[in-house]
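Each chain is listed here by its residues.
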Amino acid sequence: MLELKKKLASSLAEAAAKAFSENAPGEDEIAAMLEYPPDDTLGDIALPCFKLSKTLRQAPPKIASALAEASQGIPGFDRIAADGGDLNFKVSGEYLVLNVLKNAIDTGENYGKNDIGKGKTVVLDYASPNVAKPFHIGHLGTTVIGHSLKLIHQFSGYNCIGINHLGDWGTQFGKLICAFRLWGSREEIEKGGIDALVALYVKFHAEAEKDGTLNDRARAEFKKLEEHDEENTALWKWFIEISLREYEITFKQLGITFDSYNGESFYTDKMPEQIEKMREMNLLKIDDGASIVDLEEYGMPPCLILKKVGSTLYPTRDIAAAVYRKRTYNFDKCIYVTSAGQSLHFAQWFKVVELMGYDWYNELVHVPYGTVSINGEKLATRTGNVVLLRDLFAQAIEKVHAVIDEKNPGLENRDEVAEAVGVGAVVFHYLYNSRIKDINFVMESALSFDGATGPYAQYTYARTCSILGKADADMNAEAVITSPEEARLLLTVSKFPERVIQALNAYEPSMITRYIIELCTAFNRFYQACPIITAESKSVKNTRLQITKAAQNALGNALHLICLKTPEKI
């Protein structure tokens, strides 16, 4: 559909030049105005002419009529007509067969791909949990949005580097080391895993409220770690190992792998070079003993680079990490997927990178997303107000198991399918709305399988597999559109490549998620209205099997882009 819209915009620009001697809109202007009408009974593509009335100084119906008269005969359309102030276009069945159906079948798993990123590299920084803390619902956003964006970029030709920038440094490790020495044991930690580490962390904060000296002891333990104390370093590495064991279980369930796990600690020896560069450029100022970069003229608070005691902060580490990544990967874009609450932080250090003279500063991209609360309450590890992802996934998988036991007890690979559908339900629920929206997480809603949900989408995919498995279709035979439902489904299939580009440009996986529901709805209407296996003739049956295959390819590729698996039987 993208190609057809481009050709249409070019033809309409020529028609407008003929119909209007002055101020005629150009091809790019018209292309930006074309839209899909909500009521497809009038047309499949529309040009709302009210947008032209100001420049052409004529009423929209008059503009639409003039353009309709001047644009008759544009290839690919059965009907071109003015309907009030809109100019509507009905795509021909012949175009759908020759340009959509055949393309979607022939390209298969490549259907919808583009080469926008050919020869370019993008680094994506996402997930990035704090070591020794559980992977909870608050981490789901950065993880699934980040990985979906990685998949979308790969689908668009980019070379992608996924980085899990672990939070593996900072005073919290002094607290954990202190707590372990006071109350922990190696046997308990090995047995309890990350839960045991969290219990120690929570206990430390509870005890520190009663005994303030504990914080001093924690700072001393972290100082020893910074000075490479052998015992503290061994404990720190062990805490990371325990944490990664837990995280890898979740990443495996989500189908996620990373190219690098270099966290904050990796950049400790890379920060001095950047700090010295700031000094040489006279960017650093001393403010109450701390070293800052003044950003007042850019409308931002100062960016804190060094504390009074000389220790570094997040901006210092992020700047060092960005320089390292540019030198290592020579990225064309470096994307950071974090909560919108960190937007100022990224704006500040992005500006510092620019002031430092790095000409790639505009290749740094922050992709923010909304916050997550549980029944209206803020998440907090130290108070225990979290929903752990492993528990959430387990509940979702258990619910799918119950459905399978009731409706398809003989299903092969039932455990694998239950995990794919259960985890998929949670991911789809999260990615359905715009990423910037805040989410008040309610368990019942996340685990609902009714309506616009992941299970509905995966079941639709499984239905296409079932249909195609029952018949031997000739994918090269001539096809002819015989019903409006066939045409609507192919029109929806044709939108997929365009949706991929829109999601890529907006860094917005929800555009793919909502497209999936649009496609599933169109397919199920087609399925209900058009007999496939029992079609009235062999040619009609074969056409509908081809349409089913085209829809399957588009749906399977779309599900992949939002981290969902595609079980063939449910």
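Structure first, text after, so check above.
Residues numbered from 1 in each chain as written. Predicted model: local features only at pLDDT ≥ 70, side-chain atom pairs only at ≥ 80, totals over all residues. Heavy atoms only, no water.

**Some details on the packing of aromatic side chains**
Applying the stated criterion across every chain yields a total of 28 aromatic pairs. Residues Phe155 and Phe496 carry aromatic rings whose centres are separated by 6.0 Å and whose planes lie at 50 degrees to one another, so their mutual orientation is tilted. Here Phe155, found in helix α6 (residues 137-155), pairs with Phe496, found in helix α20 (residues 496-506); they are 341 residues apart in sequence, far enough to count as distant. Grouping residues by exposure puts Phe155 and Phe496 together as buried. Chaining the aromatic ring pairs together yields one cluster made of Tyr126, Phe135, Tyr247, Phe251, Phe258 and Tyr261. Sitting above the plane of the Phe266 ring, Lys270 keeps its charged end 4.0 Å from the centroid. Seen from the ring of Tyr358, Lys277 lies directly overhead, with NZ or CZ sitting 5.1 Å from the centre. (Phe/Tyr/Trp six-rings, centres within 6.5 Å; stacked < 30°, edge-to-face > 60°. Helix = DSSP H or I, 4+ residues; strand = E, 2+ residues; numbered from the N terminus. Buried < 20%, exposed > 50% of the residue type's maximum accessible area, 1.4 Å probe, protein only. Lys NZ or Arg CZ within 6 Å of the ring centre and 35° of its normal.)

**Brief notes about the pairing of strand β7 (residues 290-293)**
Where burial is concerned, the two faces of β7 agree: the one with Ala290 and Ile292 and the one with Ser291 and Val293 are both buried. Linking strand β6 (residues 284-287) back to β7 in an antiparallel pair, the connection comprises two residues, with Asp288 at a positive phi of about 55 degrees. Note: β7 against strand β8 (residues 303-306), three bridges, orientation antiparallel. Bridge pairing links Ser291 to Leu306 in β8. (Pairing = 2+ DSSP bridges.)

**Notes on the sheet that holds strand β5 (residues 159-163)**
A sheet is described by the order of its strands in space; here four strands give the open sequence β5-β4-β9-β10, paired in parallel fashion. With one partner strand each, in any of the chains shown, β5 and β10 (364-369) form the two edges of the open sheet. Between one strand and the next, the sheet's axes are offset by a mean angle of 20 degrees, whatever the strand orientation. Pairing geometry for strand β9 (residues 333-339) and β10, over six bridges, is parallel. Each bridged residue has a counterpart across the sheet, and for Cys334 the counterpart in β10 is Leu364. The strands touched by α6 within the sheet are β4 (121-125), β5, β9 and β10, with β9 carrying the most contacts at an inclination of about 155 degrees. The sheet strands contacting helix α14 (residues 343-355) are β9 and β10, and the helix crosses β10 at an angle near 175 degrees. (Axes fitted to C-alpha atoms, helices over the stretch in contact; angles between N-to-C directions. Contact = heavy atoms within 4.5 Å.)

**Side note on the packing of helix α9 (residues 194-208) against helix α10 (residues 213-226)**
α10 packs onto α9 with a crossing angle of 135 degrees between their chain directions and a minimal axis gap of 8 Å. The angle between the axes of α9 and α10 places the two elements in the oblique class. In contact with Phe204, Glu207 and Ala208 of α9, α10 contributes Leu214, Asn215 and Ala218. Among the residues forming the contact of α9 with α10, the class breakdown is four nonpolar, one polar and one charged. (Parallel < 35°, antiparallel > 145°, perpendicular 65-115°, else oblique. Nonpolar A, V, L, I, M, F, W, Y, C, P; charged D, E, K, R; others polar.)

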